[in-house]
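Observations on chain architecture
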Amino acid sequence: MISHMSDLSQLISRLVEENDDFNELEEGLVKELFEVGRKVLRGILEHLDEELMKGREEGLRNLGLRERTVLTRLGVLRIKRRYYRERGGRTRFLLDEALGWEGGLAATPALEARALKMCSESSFRCAADNLSFFLAENIRHTLLHELVGRRGGEAACAKESLACDLFESGVLPASAGRCAERLFMEADGCVISLQREKRKKHELKAGISYEGWERAGEEKWRLAAKRCFLSAAPADDFLAAWSADLACVYDYRGVGEAVWSSDGASWLARGPDLFSVTVAQLDRFHLARALKRALGSDPEASRLISLARRGQGDEVVGVMEERLAHTLDPKRRKHMAEAISLLKGASSRLADWSIALEPRPGDRTLGCMESNVDKLVADRFKKRGMSWSVSGADHMCKIIELSRNGELEGWCAKRRACKEGIETGAFEKIKREVRRDPELWCQAHVPLLSAKSGQPWVKDVLRHLAGLTVSA
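1. Structural notes on the overall build of the protein
- Within the protein, the regular secondary structure consists of 19 helices and 11 strands.
- Of all 472 residues assigned to the protein, the portion counted as buried reaches 48%.
- Considering only contacts within the protein whose residues lie at least 6 apart along the sequence, 67% involve residues at least 24 apart.
- In the structure as shown, the protein presents an accessible area of about 24,500 Å², 50% of it carried by carbon and sulfur atoms.

Next comes the structure, spelled out in structure tokens:
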């Protein structure tokens, strides 16, 4: 056996000799080091499966080995683990149960959270390309599509369950108990294209809540304690699930005042009553757009917008109806009729919220929902010629929601239905074996030391890890 330093010098010499430039050297080194890491990780996981087999409960019959794909920080692993049958006939995988890998694709929490975040910000193919580069291995975009579908589906089911418990059984969800002097809520929708569905279009619903504004720079402001909620569900289901989600964060008894802002869509009419808001107003963007479409560049538009924002809707409607009677252009008449309908339907919500409630220092006007719909929904679901299934869109909504609320990484770790006691106990046994004789453990459990595939220097590293002789 030669010295460790000699081993390392030979490996470096071989790497430099086999590559023509630094870029090739870097790529080769990353690829093969990850290969080493995957082999070591596979050995640890398969040994963990052995320990779980030895400590299994009575009555579990070992039926053999089955392979499974695991997405890790070192790339994709194909591991073999034992499966068992209970006396009642149910099949179980103890390793999957211990690590929270039951059902669908298995992934380590940190890598899973990062992959999901990337998918929420770019296409599946783009996310797969980026992951492939950093993991030095080809990651299929279909793998990420499956991951989003499963994790987004789990998150959607959890939200639906909370809403069902609250509105059907009267069971309040566990709450963080946050209090707020004033809570603002804004909601809107965004129409997306569908594929493999009877309909061609579907409306996604989006809501945001926040407690006010805070400075982000000398001339910039941002929303304080902002939280978003997204869904492809029907309107009533969306509002119920959003209410249950806010109940998980806020103690409603500790919320002093609630302010609501939305457009004139019929599905949002139930919102103010459901959330017991103090003041509701028509979204300022939609109000201004309706009047400017109806009046064009007429200077009267600004005056009418100001009147509407002061709650003088009847006066604005009167002016608009008079204009409509003297307008001949069909397109202009259509826009005027739409504006009049909006003003009449939202007559009780025309006045600014700040007329009914005393603004606090730093409070600003509402109307940021349009830009939030653009950033939260349109950027991912539109603008790239994309089309979706309703369920696929709903699953992606939940991933975006978790990511933007800063909950994705914690949720990926917490959602694992792992049996921590079993996992910890098995790892303690492995630690004791490694401490007792590291070289013997590596010889027994680091796989493929004698395999014909792979780069020769990788096997030298593995043999070095196992304490075997490396030829000079």
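Don't stop here, the text continues.
2. Points about helix α10 (residues 300–309)
- Burial in α10 covers these residues: Glu300, Ala301, Leu304, Ile305, Leu307 and Ala308. One side of α10 carries all its buried residues, which in axial view fall inside an arc of 160°.
- One or two residues past the end of α10 sits Gly311, with phi positive at roughly 90°.

3. A few points about the environment of Gly59
- Tracing the backbone through its elements, the reader meets Gly59 in the loop between α2 (22–54) and β1 (61–72).
- The spatial distance from the C-alpha of Gly59 to the C-alpha of Gly88 is 9.6 Å, given a sequence separation of 29 residues.

4. Looking at the packing of helix α9 (residues 284–295) against α10
- One can describe the packing of α9 onto α10 by two numbers: an axis separation of 9 Å at closest approach and a directional angle of 145°. Judged by the sense of rotation from one axis to the other, the crossing of α9 with α10 is right-handed. In this structure, α9 uses Arg284, Leu287, Ala288, Leu291, Lys292 and Leu295 to contact α10, whose residues at the interface are Glu300, Ala301, Leu304, Ile305, Ala308 and Arg309.
- Split into classes, the residues belonging to the contact of α9 with α10 amount to eight nonpolar, no polar and four charged.

5. Here's the deal with the side chain of Arg81
- Its place among the elements puts Arg81 in strand β2 (residues 75–85).
- Take Arg81: its relative accessible area is 5%, and that puts it in the buried class.
- Within the structure, Arg81 has its side chain in polar contact with the backbone oxygen of Glu67 (distance 3.5 Å).
- Here Asp96 takes part through its side chain, which lies 2.9 Å from a polar atom of the side chain of Arg81.
- Not counting residues within four places of it along the chain, the set of residues in contact with Arg81 comprises Asp49, Gly64, Leu65, Arg66, Glu67, Arg68, Phe93, Leu95 and Asp96.

6. What about the pairing of β2?
- Among the 11 residues in β2, eight count as buried, and that is most of the element.
- Looking at chain direction, β1 and β2 are connected through 11 bridges and run antiparallel. Bridging from a neighbouring strand, Thr69 pairs with Arg78 of β2.
- A loop of two residues connects β1 with β2, the two strands running antiparallel in sequence.

7. A short note on the sheet that holds strand β6 (residues 201–210)
- Ordered by their spatial adjacency, five strands build an open sheet running β9-β6-β5-β10-β11, and the pairing between neighbours is mixed. Whereas interior strands pair on both sides, the edge strands pair on one side only; in this sheet they are β9 (227–231) and β11 (279–282). Shown here is a sheet whose adjacent strand axes are inclined to one another by a mean of 25°, direction ignored.
- As judged from the 10 bridges shared by strand β5 (residues 178–193) and β6, these two strands associate in the antiparallel manner.

8. A few points about the sheet that holds β2
- A sheet is described by the order of its strands in space; here four strands give the open sequence β3-β2-β1-β4, paired in mixed fashion. Two strands close off the open sheet at either side, each with one partner strand: β3 (91–92) and β4 (106–107).
- Alignment of β1 against β4, held across two bridges, turns out to be parallel. Directly across from Val70, in β4, lies its bridge partner Ala106.

9. A few points about the nonpolar core
- One finds Leu144, Phe381 and Met396 to be the most contacted residues of the largest nonpolar core, which totals 59 residues.
- Examining the composition of this core, we find that seven residues originate from one element, helix α15 (residues 390–404), more than from any other.
- By size, the runner-up hydrophobic cluster in this structure holds 26 residues, among which are Leu166, Leu183, Ala235 and Ala241.

10. Some remarks on a positive patch on the surface
- Side chains of Lys429, Arg432, Arg435 and Arg436 sit close together on the surface and give a patch of like positive charge.
- Note that Lys429 resides in helix α17 (residues 420–436).

11. Structural notes on unusual backbone geometry
- In this model, Ala136 sits at a positive phi of 55°, which is unusual for a non-glycine residue.
- Along the chain, Ala136 falls in the loop between α5 (124–135) and α6 (141–168).
- One non-glycine residue, Arg196, lies in positive phi territory at about 55°.
- Here Arg196 shows up in the loop between β5 and β6.

12. Overview of the environment of Gly311
- Following the sequence through the fold, Gly311 ends up in the loop between α10 and α11 (313–325).
- On the basis of relative accessible area, Gly311 is assigned to the partly exposed category, the value being 39%.
- The spacing of Gly311 and Ala351 is 40 residues in sequence and 4.0 Å in space, taken between C-alpha atoms.

13. Regarding the confidence of the model for the protein
- Per-residue confidence for the protein gives a mean pLDDT of 85, with 88% of residues at or over 70.
- This stretch, residues 447–454, has a pLDDT under 50; its non-local contacts, to residues over four places away or in other chains, come to 18 contacts.
- Here residues 465–472 is a poorly scored stretch, pLDDT under 50, and it has 22 contacts once near neighbours within four places are set aside; other chains count.

14. Some thoughts on the pattern of salt bridges
- All told, the structure shown has 34 salt bridges when counted by the stated rule.
- Among the salt bridges present, the one from Arg92 reaches Glu57, with a minimum N-O distance of 3.4 Å. Of this pair, Arg92 sits in strand β3 while Glu57 sits in the loop between α2 and β1, and the two are 35 residues apart along the sequence.
- We note a salt bridge from Arg284 to Asp352, for which the minimum N-O separation is 2.3 Å.

15. Comments concerning the packing of α6 against α15
- Running from N to C, α6 and α15 point in directions that differ by 80°, and their axes come no closer than 8 Å. On the basis of the axis angle, α6 is roughly perpendicular to α15. Across the interface between the two elements, Val148, Gly149, Arg151, Gly152, Gly153, Ala155, Ala156 and Lys159 from α6 touch Asp394, His395, Met396, Lys398, Ile399, Glu401 and Leu402 from α15.
- Taken together, the residues of the contact of α6 with α15 sort by class into six nonpolar, four polar and five charged.

Parameters at a glance
- Residues numbered from 1 in each chain as written.
- Predicted model: local features only at pLDDT ≥ 70, side-chain atom pairs only at ≥ 80, totals over all residues.
- Heavy atoms only, no water.
- Helix = DSSP H or I, 4+ residues; strand = E, 2+ residues; numbered from the N terminus.
- Buried < 20%, exposed > 50% of the residue type's maximum accessible area, 1.4 Å probe, protein only.
- Contact = heavy atoms within 4.5 Å.
- Areas by Shrake-Rupley, 256 points an atom, 1.4 Å probe, with all protein chains shown as cover.
- Arc of directions from axis to C-beta.
- Axes fitted to C-alpha atoms, helices over the stretch in contact; angles between N-to-C directions.
- Left-handed = near helix turned anticlockwise from the far one by under 90°.
- Nonpolar A, V, L, I, M, F, W, Y, C, P; charged D, E, K, R; others polar.
- Polar contact = N/O pair within 3.5 Å; in protein donor to acceptor, adjacent residues only side chain to side chain.
- Pairing = 2+ DSSP bridges.
- Core = buried A, V, L, I, M, F, W, Y, C linked by side-chain atoms within 4.5 Å.
- Patch = residues over 30% accessible without salt bridge, like charges linked within 9 Å, V, L, I, M, F, W, Y side chains within 5 Å.
- Salt bridge = Lys/Arg side-chain N within 4 Å of Asp/Glu carboxyl O.
- Lys, Arg positive; Asp, Glu negative; His and termini not counted.
- Charge placed at Lys NZ, Arg CZ, Asp CG, Glu CD.
- pLDDT = per-residue confidence, 0-100.
- Parallel < 35°, antiparallel > 145°, perpendicular 65-115°, else oblique.

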